[in-house]
Amino acid sequence: EMEQVPSMTYDWFNYGGITRSVELIRVPSRFIRVMEAALVPDKTFHNIRLRARLNEPEEGVYCRFVIEELGIDTTVQTDENGTAECILWASPQLWDCENPRLYHIEAWCGQPSVIEGEAAEAVGEKTGALTWEDYVEDYVGFREIRVQGKDIFLNGKKIYLRGVCCHEESRKGGRILSEEERMEIFHTAREMGCNILRLTHYPHSEQMALLADKMGMLLWEEIPVYWAIDFSNEDTYEDARNQLRELIVRDRNRASVVIWSVGNENPDTEERLQFMSGLAAVCREMDDTRLVSAACLVDVNTMSVKDRLIPCVDVVAFNEYYGWYYRDYEGLKEILDHTAIEKPVVISETGAGARAGHFGGREELFTEEHQEKFYQKQIEYADGRIQGMFPWILYDFVSPIRMNPWQEGKNSKGLIAMDKTTKKKAFYIMQEYYQRKAGEEKE
């Protein structure tokens, strides 16, 4: 059971069956398998890299790229790997959360028509003389995300990640969300003041990333290398690597996706280090336009974020529940006091259970008042010392391992109840905090 990714132990419900649309696409024998467009991360905000990869490694095939609004229309030939690539200077409006500008990008591939005599000499390599065999299009935003020291920059401006975690779970349909439900997630997160969603703990539908591009919401995406899996098993690594590669290929044109995450709450062993550092290397090899992260470990002996994986990531994230699983709120302050890392540090999970509508003392577990106090304490100890926070979690969700009377098969740490409507007191604490943080960025 440990060979799977995820293994058989996880804190959510893995719905079965076909949960996403299945499409059959008719393609010619030579077609564009992957088309990419991105801003080169060189701080100029002007160099656009365009790349098309064919289904077979074939040299000398013509690929044409057009971005009409930027005056781009260029044709290049594929190399021996079947990849055509160019970097062009342009002045795109940059994509960001306030102005999620997308450009229509078109790509063709094909070989010159058979032309004889004088006409052949006159035509040369002009695109008009090509018989295009395949055509693809996409709407892509151009933005640059990078880290410098302890800070994160979007398009050269320092940002604080005002996040929240989110599972892919419908009110009624298990993992099948309607377009309206997806839009509701974005609207609710925006109402809370968020600029980023952490899509936990597995790849969500690609519709989420397409919508995030239009809505101007950043995304943290991850694969389910979760808790204890068989880190020494080569097949397990290949499974995880394949999931990661498929996710990167699928969403690499989505400006909203700014972080690839390679794991969550895994025990510190040599095998785990090799496994996860290998996945981080896959991210870097395939994509230089995004940040790499993982939920790193806290050493409870030194009360600090301490993980051999830290050199492999751009953003050091850690999960902590001080004031919930540990009744001592001060634990978070201690961790931040003892952690000296010259990289951005974010809290990738924090939270406390509360049953919606159950009120009582501020130290009484599962009351809205206790969850409210929990978040007040988190903000008190963490503000100004981290570069982002991701409360666990936006909505209550199904978790069969939580069968106590207060939860009855649900994880009740949501800031909003399972009906996705009833907001708990803690929601408003985070909303007030994020609105303040957003105001500070505008000053």
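A brief report on the enclosed structure follows.

Rules behind the numbers
Residues numbered from 1 in each chain as written. Predicted model: local features only at pLDDT ≥ 70, side-chain atom pairs only at ≥ 80, totals over all residues. Heavy atoms only, no water. Helix = DSSP H or I, 4+ residues; strand = E, 2+ residues; numbered from the N terminus. Rg over C-alpha atoms; globule rule 2.2 N^0.38 Å. Buried < 20%, exposed > 50% of the residue type's maximum accessible area, 1.4 Å probe, protein only. Contact = heavy atoms within 4.5 Å. Lys, Arg positive; Asp, Glu negative; His and termini not counted. Charge placed at Lys NZ, Arg CZ, Asp CG, Glu CD. Polar contact = N/O pair within 3.5 Å; in protein donor to acceptor, adjacent residues only side chain to side chain. Expected span 1.5 Å × (residues − 1). Salt bridge = Lys/Arg side-chain N within 4 Å of Asp/Glu carboxyl O. Pairing = 2+ DSSP bridges. Axes fitted to C-alpha atoms, helices over the stretch in contact; angles between N-to-C directions. Right-handed = clockwise from strand over helix to strand, strands pointing away.

Here's the deal with the overall build of the chain
For the chain, the count of helices and strands is 8 helices and 22 strands. Relative to a compact globule of 443 residues, whose C-alpha radius of gyration would be 22 Å, the chain shows 24 Å and is just as compact. Considering only C-alpha atoms, the chain reaches an extent of 90 × 50 × 40 Å along its principal axes. Counting only residues that meet the buried cut, the chain has 57% of its 443 residues in that class. Sequence-distant contacts in the chain: of pairs separated by 6 or more residues, those separated by 24 or more amount to 68%. Taking the average place of the 52 positive charges on the side chains of the chain and the average place of its 77 negative ones, the gap between the two points comes to 5 Å.

A few points about the environment of aspartate 96
Checked against the element boundaries, aspartate 96 lands in the loop between strand 5 (83–89) and strand 6 (103–112). Residues within four places of aspartate 96 in sequence aside, it is in contact with Leu154, Asn155 and Gly216. Within the local environment of aspartate 96, its side chain forms a polar contact with the backbone nitrogen of glutamate 98, the two atoms lying 3.0 Å apart. A polar side-chain atom of aspartate 96 sits 2.6 Å from the main-chain amide nitrogen of asparagine 99.

Observations regarding helix 7 (residues 368–382)
Taking 1.5 Å of rise per residue, 15 residues should cover 21 Å, and helix 7 covers 21 Å from first to last C-alpha, within 8% of that figure. Of all 15 residues that make up helix 7, 12 are buried, and the element is covered over most of its length. Buried within helix 7 we find Glu368, Glu369, His370, Gln371, Glu372, Lys373, Phe374, Tyr375, Gln378, Ile379, Tyr381 and Ala382. Where helix 7 is buried, its residues meet helix 6 (330–338), strand 19 (345–350), strand 20 (388–391) and helix 8 (425–442). Positive phi appears at glycine 384, one or two residues downstream of helix 7, with a value of about 85 degrees.

Some details on the side chain of arginine 146
Inspection of the secondary structure puts arginine 146 in strand 8 (residues 145–148). Given the relative accessible area of 19%, arginine 146 is considered buried. Polar contacts involving the side chain of arginine 146 include one to the side chain of glutamate 144, which spans 3.4 Å. Beyond its immediate sequence surroundings of up to four residues, arginine 146 is in contact with Lys43, Asp151, Ile152, Phe153, Gly156 and Leu291.

Quick word on the pattern of salt bridges
For the structure shown, the criterion picks out 40 salt bridges. We note a salt bridge from arginine 284 to aspartate 314, for which the minimum N-O separation is 3.1 Å. Of the two residues, arginine 284 is situated in helix 5 (residues 270–286) and aspartate 314 in the loop between strand 17 (304–305) and strand 18 (315–319); the sequence distance between them amounts to 30 residues. Taking relative accessible area as the criterion, arginine 284 reaches 37% and is therefore assigned partly exposed.

Quick look at the sheet that holds strand 8
Read across the sheet, 3 strands follow the order 8-9-10 without closing on themselves; strand pairing throughout is antiparallel. The two strands at the open ends of the sheet, each matched to only one other strand, are strand 8 and strand 10 (157–159). For this sheet, the mean angle separating the axes of adjacent strands, direction not counted, is 45 degrees. Here 4 bridges tie strand 8 to strand 9 (residues 151–154), and the two strands are oriented antiparallel to one another. By the bridge assignment for strand 9, glutamine 148 is matched with aspartate 151.

Things to note about the pairing of strand 11 (residues 161–166)
Here strand 11 lies mainly inside the structure; 6 of its 6 residues are buried. Burial along strand 11 is two-sided: Leu161, Gly163 and Cys165 facing one way and Arg162, Val164 and Cys166 facing the other are all buried. Judged from the 2 bridges that link them, strand 11 and strand 20 form a sheet pairing that is parallel. Bridge pairing links leucine 161 to glycine 388 in strand 20. In this structure, strand 11 lies alongside strand 12 (residues 196–199), joined through 4 bridges in parallel fashion.

What about the pairing of strand 13 (residues 218–222)?
Within strand 13, 5 of the 5 residues are buried, leaving the element largely enclosed by the surrounding structure. Burial along strand 13 is two-sided: the residues Leu218, Trp220 and Glu222 and Leu219 and Glu221 are all buried. Two strands pair when backbone bridges link them, and strand 12 and strand 13 are joined in this way by 4 bridges, in the parallel orientation. Considered in strand 13, the bridge of isoleucine 196 is made with leucine 218. The handedness of the strand 12 to strand 13 crossover, carried by helix 3 (residues 206–215), is right-handed. One ladder, built from 4 bridges, connects strand 13 with strand 14 (residues 257–264); its direction is parallel. Across the sheet, tryptophan 220 pairs through a bridge with isoleucine 259, a residue of strand 14. Tracing the backbone out of strand 13, into helix 4 (residues 234–251) and back to the parallel element strand 14 gives a crossover that is right-handed.

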